[in-house]
Amino acid sequence: MSLLGRLLKNRRAGETHMAWNLPNLQGPDQLTLTSQEFGDGDTLSLKHCAKQIRGDDLSPGLTWSALPSGTAQLLLVVEDIDVPMSKPAVHCVALIDPATVHLEPGALAARQPGPGVRILRSTIGRGYHGPAPVKGHGPHRYVFELFALAAPVADTSGTTPVDRARPRAFLPTVTAPVLGRGRLTGVYER
């Protein structure tokens with residue numbers, strides 16, 4: 001166990017500030033989000049982890065249940081809710097065309113996103129950034145949150161274009177009603 005991990009053992013962001021709990025992203029929990037690569041609460045494989053810990057930084061494939069009628073766009077947010085900070089670390093934000101019925105592994109790559117996927121800025125950069133928790137800090141939960149929106153996200157977040165806005169500034173500005181939402185949690189520990 002590393003010294004830093006031990007020192008930060010009891011410091012975790014928690015669920016309070018995650019996108020799921022933002023007032024503007026509330027809606028019926030009627031979407032089922034799944035992956036063939038891990039089940040809810042299961043361990044993520046090393047291939048989905050960051051390169052700095054010898055992973056491949058490959059986003060997992062994701063599938064969701066039928067979308068609610070009137071869905072104009074999907075919003076996907078991936079957060080580490082156990083990071084030793086005051087708020088969860090956003091590992092990926094993407095807007096997805098509702099005609100897309102699933103994401104293949106790697107579809108959240110910044111340079112070559114999958115069809116119908118528009119990658120936005122995250123806490124770490126752009127595109128999917130896999131787990132790389134502090135060694136010895138304990139298990140980290142990575143929550144994949146999918147929101148079915150009644151209207152497309154506007155191209156600006158205040159005065160900053162959506163593609164350049166930081167996630168904590170962008171997410172509270174989503175004004176489209178949430179028609180349905182679902183989440184899936186993967187776990188990783190070093």
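Placed above this text is the structure.
Residue positions are given per chain, counting from 1 as you read along its sequence in written order. Totals for whole chains, interfaces and linings use all residues, but because this is a predicted model, local features are given only for residues with pLDDT of at least 70 and pairs of side-chain atoms are given and counted only at 80 or more. As a rule here, side-chain values cover all heavy atoms of the structure and leave hydrogens and water aside.

**Description of the packing of aromatic side chains**
We count it as follows: Any two rings among Phe, Tyr and Trp, with Trp reduced to its six-membered ring, count as a pair given centres within 6.5 Å; such a pair is stacked if its planes are under 30 degrees apart, edge-to-face if over 60, and tilted if neither. Numbering of helices and strands starts at the N terminus; helices are DSSP runs of H or I of at least 4 residues and strands are runs of E of at least 2. Only protein chains enter the accessibility calculation, which uses a 1.4 Å probe; a residue is then buried when its area is under 20% of its type maximum, exposed when over 50%, and partly exposed in between. Put simply, a charge is over a ring when the Lys NZ or the Arg CZ is close to the ring centre, within 6 Å, and near the line of the ring normal, within 35 degrees.
For the structure on display, the rule yields two aromatic pairs. Pairing tryptophan 20 with phenylalanine 147 gives two aromatic rings, centres 5.9 Å apart and planes at 45°, and the pair type is tilted. Taken together, the residues span a long stretch of sequence, with tryptophan 20 in the loop between helix 1 (3-7) and strand 1 (33-34) and phenylalanine 147 in strand 8 (residues 140-149) at a distance of 127 residues. Both rings, one in phenylalanine 38 and one in phenylalanine 144, keep their centres 5.7 Å apart while their planes meet at 45°; by these two values the pair is tilted. With phenylalanine 38 in the loop between strand 1 and strand 2 (42-43) and phenylalanine 144 in strand 8, this residue pair connects regions lying 106 residues apart in the sequence. Its relative accessible area of 0% is what places phenylalanine 144 among the buried residues. In this structure, arginine 181 packs its charged tip against the face of tryptophan 20, placed 3.7 Å from the ring centre.

**Digging into the layout of surface pockets**
Where we set the bar: A cavity here means a set of 1 Å grid points, computed over protein atoms only, where a 1.4 Å probe fits but cannot escape. A pocket is an open set with protein on both sides within 12 Å along at least 5 of 7 lines, and lining residues have an atom within 4 Å of a point. Grid points are joined across faces, edges and corners, and a volume is the space filled by probe spheres set on the points.
Estimates place the volume of the largest pocket at around 210 Å³. Surrounding the largest pocket, 17 residues form its lining, Gln52, His91, Ile124, Gly130 and Ala132 being those nearest its centre.

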